[in-house]
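Residue strings, one per chain:
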Amino acid sequence: MQILLVEDDLSLADGLQLALKQAGITVNHVAKGSEAIHVVQTFPPDIVILDLGLPDMDGLKIIEKLRKQKITIPILVLTARSSIEDKVSGLDSGADDYLAKPFDMPELLARIRVLERRISSTSMSNDILIGPVSLNTSNMQVKINNEPILFSKTEYVLLKSLMQNAGRIQTRDNLESTLYSWGEEVSSNALEVHIHNLRKKTGSDFIKTVRGVGYTVQKT
Ligand code: CA
């Protein structure tokens, strides 16, 4: 899961980035509307969290612009404007959800999970069950044959991405952007090492290699 955070309040952005990282979500951050549009067009995230009051353009205009270009990425609006009219115009312009500042982190995370379920190929609940592996996106617990198994944060994030997209091939680039934010130093074989470690826990044939492309988990 990779989120683009569009927020000009830098201390809020830092705090959010940290809290989301704790929850296994990789966040890339921009502070301007023009940058947000550029990123969504060139390096699309899974979800956009968008502040409405930005220095260079109104967040509502950004939403309208993206929707006009048929870009359907879920957008969660985060803003101090909390009047009913503002909520309505946010949703009318094409936002998927709306959270007024100040907000509690658990609520933001729950709303992110709602959007995540909508784009997942596998599950409309927080539990994803494929073969012997069950993964809960709310408590981040993984069970294999009903036994709770300990996964590192990175392994969990990787497994979640593969299971949420079961039946689809995840390219190396996809998976790396799920694991790392821009500019993070990554060694070239890091992904292979994590997949290798995952397979030791899930059984060797749960994650299939698609040679030269990436990896996939079959739907069951
Ligand atoms: Ca702002």
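This one's a predicted model, so the numbers in the text were calculated from it and none came from an experiment.

What counts and how
- Each chain carries its own residue numbering, running from 1 in the direction its sequence is written.
- This being a predicted model, a pLDDT of at least 70 is required before a residue's local features are given, and a value of 80 or more before pairs of side-chain atoms are given or counted; all residues contribute to the totals for chains, interfaces and linings.
- Excluded from the side-chain calculation are hydrogens and water; included are all heavy atoms of the structure.
- Under the scheme used here, helices are H or I runs from DSSP no shorter than 4 residues and strands are E runs no shorter than 2 residues, and both carry numbers assigned from the N terminus.
- Using a 1.4 Å probe on the protein chains alone, a residue whose accessible area is under 20% of its type maximum counts as buried, one over 50% counts as exposed, and one in between counts as partly exposed.
- When DSSP finds two or more bridges between two strands, those strands count as paired.
- Only the stretch in contact is used when a helix axis is fitted, and all axes are lines through C-alpha atoms; the angle between N-to-C directions ranges over 0 to 180 degrees.
- Only buried residues count toward a nonpolar core, which is a set of Ala, Val, Leu, Ile, Met, Phe, Trp, Tyr and Cys residues joined through side-chain atoms within 4.5 Å.
- Note on contacts: a residue pair is in contact if any heavy atoms of the two residues lie within 4.5 Å.
- With water omitted from the atoms examined, metal sites may look incomplete; donors here are N, O and S atoms no farther than 2.8 Å from the metal, or 3.2 Å in the case of Na, K and Ca.
- Multiplying one less than the number of residues by 1.5 Å gives the expected span of a helix.

Caption draft 1: Just the environment of Gly183, in detail. By secondary structure assignment, the location of Gly183 is in the loop between α7 (172-179) and α8 (190-202). Given a relative accessible area of 80%, Gly183 falls into the exposed group. Sequence separation between Gly183 and Asn145 is 38 residues, and the spatial gap between their C-alpha atoms is 38 Å.

Caption draft 2: Structural view of the sheet that holds strand β3 (residues 47-51). Overall, parallel pairing links the five strands, which are arranged β2-β1-β3-β4-β5 in an open sheet. Two strands close off the open sheet at either side, each with one partner strand: β2 (26-30) and β5 (97-100). Here the strands of the sheet are splayed against their neighbours by 20° on average, with no regard to which way each runs. As paired elements, strand β4 (residues 75-79) and β5 share four bridges and run parallel to each other. When the sheet's bridge partners are listed, Thr79 is paired in β5 with Ala100.

Caption draft 3: Representation of the nonpolar core within the structure. Counting residues in hydrophobic clusters, the biggest one holds 25 residues, and the most contacted among them are Leu159, Met163, Phe206 and Ile207. Those elements that provide at least two residues to this core are β6 (127-130), β7 (133-136), β8 (141-144), α6 (153-164), α7, α8 and β12 (214-217). By residue number, the principal contributor to this core is α6, which donates six residues. Contact partners of Ile207, with chain neighbours within four places excluded, come to Leu162, Ile195, Leu198, Arg199, Tyr215, Thr216 and Val217.

Caption draft 4: Local environment of the coordination of the calcium ion. Only Asp8 (OD), Asp51 (OD) and Gly53 (O) from the protein reach the calcium ion as donors, at distances of 2.2 to 2.4 Å. Within one chain, the residues donating to the calcium ion are spaced in sequence as D-x42-D-x1-G. Within this pair, whereas Asp8 is found in the loop between β1 (2-6) and α1 (10-22), its partner Gly53 is found in the loop between β3 and α3 (59-68), the two being separated by 45 residues in sequence.

Caption draft 5: Structural view of helix α5 (residues 105-119). For α5, with 15 residues, the first-to-last C-alpha span of 21 Å sits near the 21 Å given by 1.5 Å per residue. Its buried side turned inward, α5 meets β1, α1, β3, β4, β5 and α6.

Caption draft 6: Fine view of unusual backbone geometry. That bond from Lys101 to Pro102 is cis: its omega, -5°, falls within 30 degrees of zero. Here Pro102 lies in the loop between β5 and α5. Positioned with a positive phi, Met140 is a non-glycine residue whose angle comes to about 60°. Position of Met140 relative to the elements: it lies in the loop between β7 and β8. Here Asn145, not a glycine, exhibits a phi torsion of approximately 50°, which is positive.

Caption draft 7: Just the sheet that holds β6, in detail. One open sheet accounts for four strands, arranged β6-β7-β8-β9; its pairing is antiparallel. Only two strands of the sheet have a single neighbouring strand rather than two, namely β6 and β9 (147-149). Pairwise comparison of adjacent strand axes, ignoring direction, gives a mean angle of 25° for this sheet. Direction of pairing for β8 relative to β9: antiparallel, over a ladder of three bridges. Note on β9: the bridge partner recorded for Val142 is Ile149.

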